[in-house]
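These are the residues of each chain, in order.
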Amino acid sequence: MEITQLSISRPDEWPYVRQQCRDFFRRYGNKRLTLTGVQRLSSLTYEQLKKPGTSIIAATVRGDVGSIPIGMCYAEDYGESACLIAVHPLYRSRGIGSSLIRSQLSRLGRLRCKVAADHIASLKICFQAGLQATEIELGPTGKPTLVMNGVMGAPSSSFRCDV
């Protein structure tokens, strides 16, 4: 498995790549991703993609026809505006999600994600990646939602989550 940042060299490539990313999140997000996050990705311009704090990274494996995406993480404005992560069902429970979050945190220096309190798998990914729950709020559907934050180089919490 390899984790790489999507690098688009020409603006005319971006609409096709954006569509592929959006399709991946819709297909493998288990209908748990926020509508706002998916909409932000859908309307993301090439110029916005190049802004500091915005990044799309993918976990890939080698296939017969080249690299095949098995996981993806999108953050905009260091996760303040949007933070999405999805992993193909055949590759879940292998640490790919937490590797994507750690990689995103390493690239951006800081990251903020919001996770519904009842979404145990996503919470586990965030805790394993070193993020800490710093707030609780009501999410877009009215559910309690944890605000997860991480800063590169910050000491990790002594809290352990074995879910």
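Preceding this section is the structure that the text describes.
Everything numeric in this text was worked out from a predicted model, so none of it was measured.

Caption draft 1: Broad picture of the sheet that holds strand 1 (residues 2-5). Read across the open sheet, the 4 strands follow the order 1-2-3-4; overall the sheet is antiparallel. The outermost strands of the open sheet, each flanked by one partner alone, are strand 1 and strand 4 (82-87). This sheet shows a mean twist of 25° between the axes of neighbouring strands, independent of strand direction. Where strand 2 (residues 55-63) lies against strand 3 (residues 66-76), 9 bridges are found, and the strand directions are antiparallel. Across the sheet, the residue bridging to A59 is G71, located in strand 3. Sitting on the sheet, helix 1 (residues 14-28) is in contact with strand 2, strand 3 and strand 4, with an inclination near 90° to strand 3.

Caption draft 2: The arrangement of the nonpolar core in detail. Among the nonpolar cores identified, the biggest contains 21 residues, and I96, L100, I101, L111, C113, L131 and M148 are the most heavily contacted of them. Secondary structure elements with two or more residues in this core: strand 2, strand 3, helix 4 (96-108), strand 5 (110-116), helix 5 (120-128) and strand 7 (144-151). It is helix 4 that contributes the most residues to this core, 5 residues altogether. Not counting residues within four places of it along the chain, the set of residues in contact with C113 comprises C83, I101, L131, L146, V147 and M148. Residues W14, I56, A82 and A86 belong to the second largest nonpolar core, which totals 19 residues.

What counts and how
- Residues numbered from 1 in each chain as written.
- Predicted model: local features only at pLDDT ≥ 70, side-chain atom pairs only at ≥ 80, totals over all residues.
- Heavy atoms only, no water.
- Pairing = 2+ DSSP bridges.
- Helix = DSSP H or I, 4+ residues; strand = E, 2+ residues; numbered from the N terminus.
- Axes fitted to C-alpha atoms, helices over the stretch in contact; angles between N-to-C directions.
- Contact = heavy atoms within 4.5 Å.
- Core = buried A, V, L, I, M, F, W, Y, C linked by side-chain atoms within 4.5 Å.
- Buried < 20%, exposed > 50% of the residue type's maximum accessible area, 1.4 Å probe, protein only.

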